[in-house]
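Residues per chain are reported as follows:
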Amino acid sequence: MLITGGAGFIGANFAHHVRRCHPGYRIILLDALTYAGNRSSLRPIIDHIEFVHGDVRDADVLDRLVAASDTVVHFAAESHVDNSLLDPAPFVQTNLVGTFNLLEAVRRYDRRLHHISTDEVFGDLPLDSDERFTELSRYDPSSPYAATKAGSDMLVRAWVRSYGVRATISNCANNYGPYQHVEKFIPRQITNVLAGDRPKVYGRGDNVREWTHVDDHNTAIDAILRSGRMGETYLVGSGQECDNRQIVRLILELMGRPADDFDLVTDRPGHDARYANDSDKLRTELGWKPRYADLSAGLAGTIDWYRRNGWWWKPQKDATEERYRRLGR
Ligand code: NAD
Ligand code: TDX
């Protein structure tokens with residue numbers, strides 16, 4: 001199995017999952033080690049994988065690694081909305097051109113591909129509705145990040161239809177859990193508290209996300225790899241919607257701090273109001289269900305992980321906060 005972007009948050013957790021649940025697999029892991037990639041996230045399994053420091057923008061490296069694999073799981077991407085607003089160029093190169101290079105390689109060697117995508121391709125939903133995205137929702141991305149992920153999904157769909165490439169797509173809701181970069185919402189707030197700073201909430205904190213534990217995302221990917229129908233798209237989500245203020249209050253309470261001990265800061269331009277996935281197809285067709293049904297317990301475990309693993313996140317923290325300070329956030 002070739003895992004692209006496997007030194008990032010979800011890819012590293014997925015590599016741990018594969019090693020644990022499929023110990024007979026040979027794992028090749030490709031990662032460019034951008035600011036978001038961290039080899040030390042692979043420390044517990046490093047002796048059991050083949051790590052290749054390389055770039056999905058490099059068609060030759062993909063040709064070689066895809067030829068040597070049966071299955072490819074494609075996580076590699078520029079993944080942070082705020083960064084895409086500041087400089088969209090690497091998003092176009094990695095998310096679009098990188099996915100194109102990979103599709104050409106899997107087409108050449110007739111390999112099975114699973115493409116990892118996001119609910120953000122559908123745009124956002126009104127705050128005051130019960131509406132959810134489905135596999136049939138219209139693509140309507142808001143940010144440069146979301147637009148490049150939407151484009152990469154379209155490339156996969158076209159390669160399936162025109163060339164018969166054997167591929168599936170999953171669009172997951174927001175993930176949280178161990179090894180997530182401190183630029184993202186939940187680890188930023190946990191590590192702010194651990195560092196003696198206050199959590200920072202954009203705008204009024206009304207925006208809603210469907211928080212899904214990374215382990216649940218990975219069992220969904222595993223189920224799709226095993227039994228997903230070729231050419232199909234599956235939406236993934238825990239069903240646990242929360243607004244950003246609620247999440248921060250919960251984190252503060254779990255960390256023994258007053259629940260209103262946070263700052264409201266400048267909003268993100270074009271900030272999507274609400275994401276929510278209808279994951280019924282995945283649940284009924286493939287029998288998937290999330291193990292982390294209780295967000296508070298999942299968050300407590302994640303807080304505990306960041307508390308115990310300062311060696312992992314402290315080296316990223318100052319540079320990340322400096323970038324946010326320049327944005328007034
Ligand atoms: P991440 O930023 O933590 O990790 C991305 C990884 O890709 C890093 O290790 C980075 O070094 C690597 N990478 C970046 N550019 C590369 C390139 N050109 N060549 C090779 N490697 C490169 O991201 P993540 O949160 O783990 O997201 C992984 C995937 O899941 C992405 O495709 C993202 O769109 C998708 N996704 C993320 C979430 C979420 O909540 N984090 C939700 C749904 C979908
Ligand atoms: O400090 C912050 N304060 C804050 O209020 C940060 C970093 C974020 N936010 C808000 C913005 C969002 O409403 O929290 C929410 C979550 O923000 P992010 O962690 O940046 O995630 P989001 O923009 O929702 O995108 C995430 O989910 C979908 C991932 O980063 C994407 O890769 C994934 O595709």
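Everything below is about the structure shown above.
Quick caveat, the model's predicted, so the values are computed rather than measured. All residue numbers refer to positions counted from 1 along the written sequence of the respective chain. Chains and ligands are labelled by the order in which they are written, letters from A for the one and numbers from 1 for the other. In view of the model being predicted, local features appear only for residues whose pLDDT reaches at least 70, and side-chain atom pairs are presented and counted only at 80 or more, with totals across whole chains, interfaces and linings using the full set of residues. Heavy atoms from the whole structure form the basis of all side-chain values; hydrogens and water molecules are not counted.

Quick notes on the packing of aromatic side chains
What counts as a ring pair is set by centres within 6.5 Å for rings of Phe, Tyr and Trp (its six-membered ring), and what kind of pair is set by the plane angle: stacked under 30 degrees, edge-to-face over 60, tilted for all other angles. Summed over the entire model, instances satisfying the criterion amount to 12 aromatic pairs. Measuring from centroid to centroid gives 5.1 Å for Phe122 and Phe133, while their planes differ by 35°, and the two rings are tilted. Of this pair, Phe122 sits in the loop between strand E5 (112-118) and helix H5 (144-163) while Phe133 sits in the loop between E5 and H5, and the two are 11 residues apart along the sequence. A single burial state applies to Phe122 and to Phe133, both of which are buried. Centroid distance Tyr179 to Trp312: 5.8 Å. Interplanar angle 75°. Geometry classified as edge-to-face. On the criterion of sequence distance, the pair formed by Tyr179 in the loop between strand E7 (175-176) and helix H6 (185-194) and Trp312 in helix H11 (residues 310-326) is long-range, its members being 133 residues apart. Going along the chain from the N terminus, every DSSP run of H or I of four or more residues is numbered as a helix, and every run of E of two or more is numbered as a strand. Burial classes: relative accessible area under 20% of the type maximum marks a residue as buried, over 50% as exposed, and values in between as partly exposed (1.4 Å probe, protein chains only).

Comments concerning the site of ligand 2
Lining the immediate surroundings of ligand 2 are 22 residues, of which Glu120, Tyr145, Arg188, Arg268 and His271 lie closest. For ligand 2, an oxygen atom lies 2.6 Å from a polar atom in the side chain of Glu120. Relative to its unbound accessible area of 660 Å², ligand 2 is 94% covered by the protein chains. For the shell around ligand 2, the secondary structure elements donating two or more residues are H6 and strand E8 (200-202). Residue composition of the shell around ligand 2, grouped by class: seven nonpolar, eight polar and seven charged. Whether a residue is near a molecule or strand is decided by its heavy atoms; if any one of them lies within 4 Å of it, the residue is near. Polar contact is the term for a pair of N or O atoms within 3.5 Å; when the atoms are in protein, one must be able to donate a hydrogen and the other to accept it, and sequence-neighboring residues count only if both atoms are side-chain atoms. Accessible areas in this description were obtained via Shrake-Rupley with a 1.4 Å probe; residue shielding takes into account the shown protein chains only. Gly is put with the polar residues, along with every residue not named as nonpolar or charged; the nonpolar set is Ala, Val, Leu, Ile, Met, Phe, Trp, Tyr, Cys and Pro, and the charged set is Asp, Glu, Lys and Arg.

Some details on unusual backbone geometry
In the Ramachandran plot, Asp110 falls in the positive-phi region, its phi being about 55° despite a non-glycine side chain. If you trace the backbone, Asp110 turns up in the loop between helix H4 (89-109) and E5. Even without glycine at this site, Tyr179 takes up a positive phi of about 70°.

Quick word on the site of ligand 1
Residues in contact with ligand 1 amount to 29 residues; listed here are only the nearest, Asp31, Asp55, Ser79, Tyr145 and Lys149. Between a nitrogen atom of ligand 1 and a main-chain N or O atom of Ala32, the distance comes to 3.1 Å. Contact distances for ligand 1 include 3.1 Å between an oxygen atom and a side-chain N or O atom of Thr34. Here ligand 1 loses 96% of its free accessible area of 830 Å² to cover by the protein chains. Only helix H1 (9-21), E5 and H5 provide two or more residues apiece to the shell around ligand 1. For the shell around ligand 1, the element with the highest residue contribution is E5, accounting for three residues. Split into classes, the residues belonging to the shell around ligand 1 amount to 14 nonpolar, 11 polar and four charged.

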